[in-house]
Amino acid sequence: KISGPLLDRIAIHLQVRAVPSRELNGPGRCSVPTSAAIRKTVWQAIDIQRERYAESHGIKRNAEVPFNLLERFCRMDKEAETFLSSAQRKLLFSARTRKNIILVSRTIADLDQSGDIKKIHIMEAVQYRPPARK
């Protein structure tokens with residue numbers, strides 16, 4: 001068991017199931033992007049972050065944005081803000097978790113080459129959080 005405050009400090013939580021080898025090699029396997037295509041997308045997102053933070057002394061990537069600069073660097077459209085507030089009320093996550101969701105959403109938006117964070121980016125980031133403990 002890991003305490004709630006410690007879990008709050010982990011930005012992404014994923015559960016990965018084992019994939020049987022017959023699914024990896026057999027017919028009908030899903031198509032996945034090549035490593036080269038993924039690498040290109042990641043480097044584009046890194047370049048976007050470098051440009052965004054070029055004038056910000058000390059910040060180099062999304063994960064380093066402090067609370068007081070979230071609004072400046074992590075602009076959300078209205079639909080995204082509404083969804084995030086609703087998710088926070090329903091899922092009962094902390095302010096730190098909210099910040100992590102915003103920063104992960106900013107990275108997802110960068111990978112999508114989106115200037116603002118949209119609802120779809122928030123939705124994806126919320127999925128990377130564990131369910132609330134009862």
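Residues numbered from 1 in each chain as written. Predicted model: local features only at pLDDT ≥ 70, side-chain atom pairs only at ≥ 80, totals over all residues. Heavy atoms only, no water.

Side note on the environment of Thr-41
Inference 1: Tracing the backbone through its elements, the reader meets Thr-41 in helix α3 (residues 35-52).
Inference 2: Taking the C-alpha atoms as reference points, Thr-41 and Leu-111, separated by 70 residues in sequence, lie 6.2 Å from one another. (Helix = DSSP H or I, 4+ residues; strand = E, 2+ residues; numbered from the N terminus.)

Thoughts on the pattern of salt bridges
Inference 1: This model, assessed by the stated rule, comprises five salt bridges.
Inference 2: Asp-110 is the salt-bridge partner of Arg-106, the closest N and O atoms lying 2.9 Å from each other. Here the residue Arg-106 and the residue Asp-110 both occupy positions in helix α6 (residues 95-111), the gap between them amounting to four residues, near one helical turn. Per residue, the accessibility class of Arg-106 equals that of Asp-110, and both read buried.
Inference 3: Counted as one network, the salt bridges with shared partners bring together Arg-52, Arg-106 and Asp-110. (Salt bridge = Lys/Arg side-chain N within 4 Å of Asp/Glu carboxyl O. Buried < 20%, exposed > 50% of the residue type's maximum accessible area, 1.4 Å probe, protein only.)

Topic: the nonpolar core
If you look at soluble globular proteins, the nonpolar side chains tend to sit buried side by side.
Inference 1: By size, the foremost hydrophobic cluster in this structure holds 21 residues, and its most contacted members are Val-65, Cys-74, Met-76, Leu-84, Ile-102, Ile-117 and Ile-122.
Inference 2: For this core, the elements supplying multiple residues, two or more each, are α4 (70-73), α5 (78-91), α6 and α7 (119-127).
Inference 3: Residue contributions to this core peak at six residues, all from α6.
Inference 4: Not counting the four nearest positions on each side in its chain, Leu-84 is found in contact with Met-76, Phe-93, Arg-98, Ile-101, Ile-102 and Ile-122. (Core = buried A, V, L, I, M, F, W, Y, C linked by side-chain atoms within 4.5 Å. Contact = heavy atoms within 4.5 Å.)

Description of the packing of α3 against α6
Inference 1: Running from N to C, α3 and α6 point in directions that differ by 115°, and their axes come no closer than 8 Å. Relative to α6, the crossing made by α3 is right-handed. Of α6, the residues touching α3 (which contributes Thr-41, Val-42, Ala-45, Ile-48, Gln-49 and Arg-52) are Arg-106, Thr-107, Asp-110 and Leu-111.
Inference 2: Among the residues forming the contact of α3 with α6, the class breakdown is four nonpolar, three polar and three charged. (Axes fitted to C-alpha atoms, helices over the stretch in contact; angles between N-to-C directions. Left-handed = near helix turned anticlockwise from the far one by under 90°. Nonpolar A, V, L, I, M, F, W, Y, C, P; charged D, E, K, R; others polar.)

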